[in-house]
Amino acid sequence: MFSRSKTSTPDGVTPVGDSPDEVTATSDTTSGAAGKGRPTPKRNVAQAANKRPLVPDDRRAARKAQREKSRVDRERSYQAMQTGDERYMPAKDKGPVRRYVRDFVDARWNLGEFFLPVAFIFLFATFFTTQYPQLSIFVMLGLYGFLFLTIVDVWLLWRSLKKRLTAKFGEVPRGLLMYTVTRAYQLRRSRLPKPMSKKRGNYPE
(Lines give C-alpha, C1' and ligand atoms only; values in the text may rest on other atoms or scores of the structure.)
Protein backbone atom coordinates (compact mmCIF):
# COMPACT_ATOMS: atom_id res chain seq x y z
CA MET A 1 0.00 0.00 0.00
CA PHE A 2 2.72 2.43 0.88
CA SER A 3 5.19 0.81 -1.45
CA ARG A 4 7.81 3.09 -3.02
CA SER A 5 7.34 4.17 -6.65
CA LYS A 6 9.75 2.75 -9.17
CA THR A 7 10.71 6.25 -10.30
CA SER A 8 11.25 7.58 -6.81
CA THR A 9 14.68 8.28 -5.49
CA PRO A 10 15.86 6.87 -2.21
CA ASP A 11 14.85 10.20 -0.60
CA GLY A 12 11.29 9.95 -1.94
CA VAL A 13 11.64 12.83 -4.44
CA THR A 14 10.83 12.30 -8.13
CA PRO A 15 13.51 13.72 -10.48
CA VAL A 16 12.40 16.78 -12.42
CA GLY A 17 13.97 15.72 -15.74
CA ASP A 18 12.12 12.41 -15.84
CA SER A 19 8.66 13.87 -16.59
CA PRO A 20 7.18 12.68 -19.92
CA ASP A 21 6.50 16.20 -21.30
CA GLU A 22 9.99 17.46 -20.60
CA VAL A 23 11.58 14.36 -22.10
CA THR A 24 9.56 14.78 -25.32
CA ALA A 25 10.44 18.48 -25.60
CA THR A 26 14.09 17.81 -25.04
CA SER A 27 14.17 15.05 -27.69
CA ASP A 28 12.39 17.28 -30.24
CA THR A 29 14.83 20.12 -29.69
CA THR A 30 17.82 17.83 -29.98
CA SER A 31 16.58 16.12 -33.14
CA GLY A 32 15.74 19.48 -34.76
CA ALA A 33 19.18 20.88 -34.07
CA ALA A 34 20.87 17.71 -35.27
CA GLY A 35 18.84 17.59 -38.50
CA LYS A 36 19.44 21.22 -39.53
CA GLY A 37 23.00 21.50 -38.42
CA ARG A 38 23.10 25.32 -38.66
CA PRO A 39 20.94 28.30 -37.71
CA THR A 40 18.45 29.73 -40.22
CA PRO A 41 20.06 32.70 -42.06
CA LYS A 42 18.37 36.06 -42.01
CA ARG A 43 16.33 37.15 -45.02
CA ASN A 44 18.68 39.90 -46.17
CA VAL A 45 21.64 37.53 -45.95
CA ALA A 46 19.86 34.91 -48.10
CA GLN A 47 18.88 37.52 -50.72
CA ALA A 48 22.43 38.84 -50.91
CA ALA A 49 23.76 35.33 -51.47
CA ASN A 50 21.39 34.77 -54.41
CA LYS A 51 22.34 37.99 -56.20
CA ARG A 52 24.58 37.72 -59.26
CA PRO A 53 26.32 40.63 -60.98
CA LEU A 54 24.71 41.67 -64.29
CA VAL A 55 28.09 42.55 -65.79
CA PRO A 56 30.92 40.03 -65.39
CA ASP A 57 33.94 41.17 -63.48
CA ASP A 58 36.34 40.34 -66.29
CA ARG A 59 34.83 42.00 -69.37
CA ARG A 60 37.78 41.17 -71.57
CA ALA A 61 37.43 37.47 -70.85
CA ALA A 62 33.66 37.68 -71.44
CA ARG A 63 34.17 39.36 -74.83
CA LYS A 64 36.77 36.78 -75.77
CA ALA A 65 34.42 33.94 -74.84
CA GLN A 66 31.60 35.55 -76.84
CA ARG A 67 33.81 35.93 -79.91
CA GLU A 68 34.90 32.32 -79.64
CA LYS A 69 31.28 31.17 -79.37
CA SER A 70 30.33 33.25 -82.42
CA ARG A 71 33.23 31.80 -84.40
CA VAL A 72 32.21 28.25 -83.53
CA ASP A 73 28.59 28.98 -84.51
CA ARG A 74 29.67 30.44 -87.86
CA GLU A 75 31.89 27.47 -88.64
CA ARG A 76 29.14 25.04 -87.71
CA SER A 77 26.64 26.92 -89.87
CA TYR A 78 29.06 26.97 -92.81
CA GLN A 79 29.69 23.25 -92.53
CA ALA A 80 25.94 22.65 -92.37
CA MET A 81 25.42 24.57 -95.60
CA GLN A 82 28.15 22.48 -97.21
CA THR A 83 26.68 19.16 -96.15
CA GLY A 84 22.95 19.99 -96.15
CA ASP A 85 22.46 19.51 -92.40
CA GLU A 86 19.46 21.73 -91.69
CA ARG A 87 19.86 21.57 -87.91
CA TYR A 88 22.55 24.24 -87.95
CA MET A 89 21.54 26.18 -91.07
CA PRO A 90 20.33 29.80 -90.83
CA ALA A 91 16.60 30.14 -90.30
CA LYS A 92 16.09 31.50 -93.83
CA ASP A 93 17.31 28.20 -95.34
CA LYS A 94 15.44 25.74 -93.12
CA GLY A 95 12.35 23.76 -93.98
CA PRO A 96 11.15 21.42 -96.73
CA VAL A 97 9.77 24.28 -98.86
CA ARG A 98 13.10 26.11 -99.02
CA ARG A 99 14.91 22.86 -99.74
CA TYR A 100 12.50 22.17 -102.59
CA VAL A 101 13.14 25.63 -104.06
CA ARG A 102 16.90 25.13 -103.91
CA ASP A 103 16.74 21.72 -105.55
CA PHE A 104 14.49 23.02 -108.33
CA VAL A 105 16.70 26.03 -109.09
CA ASP A 106 19.87 23.91 -108.97
CA ALA A 107 18.42 21.37 -111.41
CA ARG A 108 17.78 24.04 -114.05
CA TRP A 109 20.00 26.02 -116.42
CA ASN A 110 19.39 29.65 -115.48
CA LEU A 111 20.51 32.64 -117.54
CA GLY A 112 20.79 34.67 -114.36
CA GLU A 113 23.75 32.69 -113.09
CA PHE A 114 25.76 33.85 -116.13
CA PHE A 115 24.84 37.50 -115.75
CA LEU A 116 27.87 38.56 -113.71
CA PRO A 117 30.46 36.95 -116.05
CA VAL A 118 28.70 38.34 -119.12
CA ALA A 119 28.37 41.78 -117.55
CA PHE A 120 32.09 41.79 -116.74
CA ILE A 121 32.91 40.93 -120.36
CA PHE A 122 30.67 43.69 -121.71
CA LEU A 123 32.07 46.28 -119.30
CA PHE A 124 35.61 45.23 -120.13
CA ALA A 125 34.80 45.64 -123.84
CA THR A 126 33.75 49.24 -123.29
CA PHE A 127 37.37 50.18 -122.50
CA PHE A 128 38.32 49.27 -126.08
CA THR A 129 35.41 51.09 -127.67
CA THR A 130 35.87 54.52 -126.10
CA GLN A 131 37.13 55.87 -129.41
CA TYR A 132 34.08 54.46 -131.20
CA PRO A 133 30.96 55.88 -129.54
CA GLN A 134 28.60 54.02 -131.84
CA LEU A 135 30.23 50.70 -131.00
CA SER A 136 30.01 51.49 -127.28
CA ILE A 137 26.27 52.01 -127.67
CA PHE A 138 25.88 48.55 -129.22
CA VAL A 139 27.90 47.01 -126.40
CA MET A 140 25.69 48.59 -123.76
CA LEU A 141 22.56 47.62 -125.65
CA GLY A 142 23.82 44.07 -125.74
CA LEU A 143 24.34 44.11 -121.96
CA TYR A 144 20.86 45.46 -121.29
CA GLY A 145 19.41 42.98 -123.74
CA PHE A 146 21.00 40.09 -121.88
CA LEU A 147 19.72 41.49 -118.58
CA PHE A 148 16.21 41.56 -120.05
CA LEU A 149 16.55 37.93 -121.10
CA THR A 150 17.60 36.93 -117.56
CA ILE A 151 14.51 38.65 -116.18
CA VAL A 152 12.25 36.77 -118.59
CA ASP A 153 14.02 33.52 -117.74
CA VAL A 154 13.63 33.96 -113.99
CA TRP A 155 9.95 34.85 -114.49
CA LEU A 156 9.45 31.56 -116.33
CA LEU A 157 11.34 29.80 -113.54
CA TRP A 158 9.11 31.26 -110.84
CA ARG A 159 5.94 30.51 -112.80
CA SER A 160 6.81 26.84 -113.09
CA LEU A 161 8.10 26.58 -109.54
CA LYS A 162 5.04 28.26 -108.05
CA LYS A 163 2.74 25.69 -109.67
CA ARG A 164 4.80 22.86 -108.22
CA LEU A 165 4.88 24.41 -104.75
CA THR A 166 1.11 24.88 -104.74
CA ALA A 167 0.52 21.31 -105.85
CA LYS A 168 2.92 19.83 -103.29
CA PHE A 169 2.56 22.08 -100.22
CA GLY A 170 -0.82 23.70 -100.80
CA GLU A 171 0.44 27.26 -100.47
CA VAL A 172 3.43 29.45 -101.27
CA PRO A 173 4.90 31.19 -98.20
CA ARG A 174 5.92 34.81 -98.46
CA GLY A 175 9.52 35.62 -99.33
CA LEU A 176 10.07 32.67 -101.65
CA LEU A 177 10.14 34.80 -104.82
CA MET A 178 13.17 36.77 -103.66
CA TYR A 179 14.76 33.58 -102.33
CA THR A 180 14.36 31.99 -105.77
CA VAL A 181 15.62 35.01 -107.71
CA THR A 182 18.67 35.42 -105.48
CA ARG A 183 19.70 31.81 -105.93
CA ALA A 184 19.04 31.83 -109.67
CA TYR A 185 21.42 34.79 -110.14
CA GLN A 186 24.27 33.09 -108.30
CA LEU A 187 26.90 30.93 -109.93
CA ARG A 188 26.00 27.32 -109.23
CA ARG A 189 29.32 26.46 -107.60
CA SER A 190 29.15 29.46 -105.28
CA ARG A 191 25.63 28.86 -103.97
CA LEU A 192 25.05 28.32 -100.28
CA PRO A 193 23.58 25.99 -99.13
CA LYS A 194 25.53 23.92 -101.59
CA PRO A 195 23.56 22.06 -104.32
CA MET A 196 22.93 18.50 -103.22
CA SER A 197 23.07 17.13 -106.76
CA LYS A 198 26.23 17.54 -108.83
CA LYS A 199 24.33 17.27 -112.12
CA ARG A 200 21.53 19.36 -113.50
CA GLY A 201 18.22 17.87 -114.47
CA ASN A 202 17.51 16.16 -111.16
CA TYR A 203 14.26 17.95 -110.34
CA PRO A 204 12.65 17.27 -106.93
CA GLU A 205 9.52 15.16 -106.81
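Everything numeric here is computed off the predicted structure, so don't read it as measured data.

Conventions used here
- As a convention, each chain's residues are numbered from 1 in the sequence order in which they are written.
- A pLDDT threshold of at least 70 governs which residues receive local features in this predicted model, and a stricter bar of 80 or more applies before side-chain atom pairs are shown or counted, although totals over entire chains, interfaces and linings include all residues.
- The basis for every side-chain value is the complete set of heavy atoms in the structure, and neither hydrogens nor water enter the calculation.
- Note on terminology: a nonpolar core comprises buried Ala, Val, Leu, Ile, Met, Phe, Trp, Tyr and Cys residues joined through side-chain atoms within 4.5 Å.
- Categorising residues by exposure relies on relative accessible area from a 1.4 Å probe, with only protein chains included: less than 20% of the type maximum marks a residue as buried, more than 50% marks it as exposed, and the intermediate range marks it as partly exposed.
- Counting from the N terminus, the helices are DSSP H or I runs at least four residues long and the strands are E runs at least two residues long.
- Any pair of residues with heavy atoms lying within 4.5 Å of one another is described as a contacting pair.
- By definition, pLDDT measures how confident the predictor is in each residue, and it falls between 0 and 100.
- Surface patches are defined over residues having more than 30% relative accessible area and no salt bridge, joining like charges when they lie within 9 Å and nonpolar side chains (Val, Leu, Ile, Met, Phe, Trp, Tyr) when within 5 Å.
- Here the Shrake-Rupley method, with its probe set to 1.4 Å, supplies the accessible areas, and only the displayed protein chains count as covering residues.
- Any Lys or Arg side-chain nitrogen found within 4 Å of a carboxyl oxygen on Asp or Glu counts as a salt bridge.
- Between the rings of Phe, Tyr and Trp (Trp by its six-membered ring), a pair exists once the centres lie within 6.5 Å; its type follows the angle of the planes, with under 30 degrees stacked, over 60 edge-to-face, and the other angles tilted.
- We call a charge positioned above a ring when the Lys NZ or Arg CZ atom is no farther than 6 Å from the ring centre and deviates by at most 35 degrees from the ring normal.

Draft legend 1. Main features of the nonpolar core. By size, the foremost hydrophobic cluster in this structure holds 13 residues, and its most contacted members are V101, V105, L157, L161, L165, L176 and A184. Counting only elements with at least two residues in this core, the list comes to α4 (96-106), α6 (133-169) and α7 (176-184). In this structure A184 touches V105, N110, G112, E113, V154, L157 and R191, once residues within four positions along its chain are discounted.

Draft legend 2. Seen up close, the confidence of the model for the protein chain. Summing up the model confidence of the protein chain, the mean pLDDT is 80 and the portion of residues at 70 or higher is 73%. Every residue in residues 1-35 scores below 50 in pLDDT, and together they form 11 contacts with partners more than four places removed in sequence or on other chains.

Draft legend 3. Examining a nonpolar patch on the surface more closely. The grouping of W109, L111, F114, F148, L149, V152, W155 and L156 at the surface amounts to a nonpolar patch, some 810 Å² of accessible area in total. Of note, W155 is situated in helix α6. Owing to a relative accessible area of 49%, W155 belongs among the partly exposed residues under this scheme.

Draft legend 4. Broad picture of the packing of aromatic side chains. Summed over the entire model, instances satisfying the criterion amount to seven aromatic pairs. Centre to centre, the rings of F115 and F146 are 6.5 Å apart; their planes meet at 0°, and the pair counts as stacked. Remark: F146 occurs in helix α6 and F115 occurs in helix α5 (residues 115-126); sequence separation between them is 31 residues. Of the residues examined, F115 reaches a relative accessible area of 19% and is grouped as buried. Note on F124 and F128: the rings are 5.3 Å apart at their centroids and 65° apart in plane angle, and the pair reads as edge-to-face. Under the relative-accessibility criterion, F124 is labelled partly exposed at 47%. Cluster of aromatic residues (ring-pair linked, three or more members): F115, F146 and Y185. Stacked on the ring of Y179, the Lys or Arg R98 has its end atom at 4.7 Å from the ring centre. Here R200 stacks its cationic end above the ring of W109, 3.8 Å away from the centre of that ring.

Draft legend 5. Spatial organisation of the pattern of salt bridges. The full count for this structure, using the stated rule, is 13 salt bridges. In this structure, D93 and K92 form a salt bridge, with 3.2 Å as the shortest nitrogen-oxygen distance. We classify D93 as buried; its relative accessible area is 0%. As a salt-bridge pair, D106 and R191 come within 2.8 Å of each other at their nearest N and O atoms. Of this pair, D106 sits in helix α4 while R191 sits in the segment after α7; the two residues are 85 residues apart in sequence, bridging distant segments of the chain. Of the two residues, D106 and R191, neither departs from the other in class, the shared state being buried. Shared partners join several salt bridges into a network, and the residues in it are D106, E113, R183, R191 and R200.

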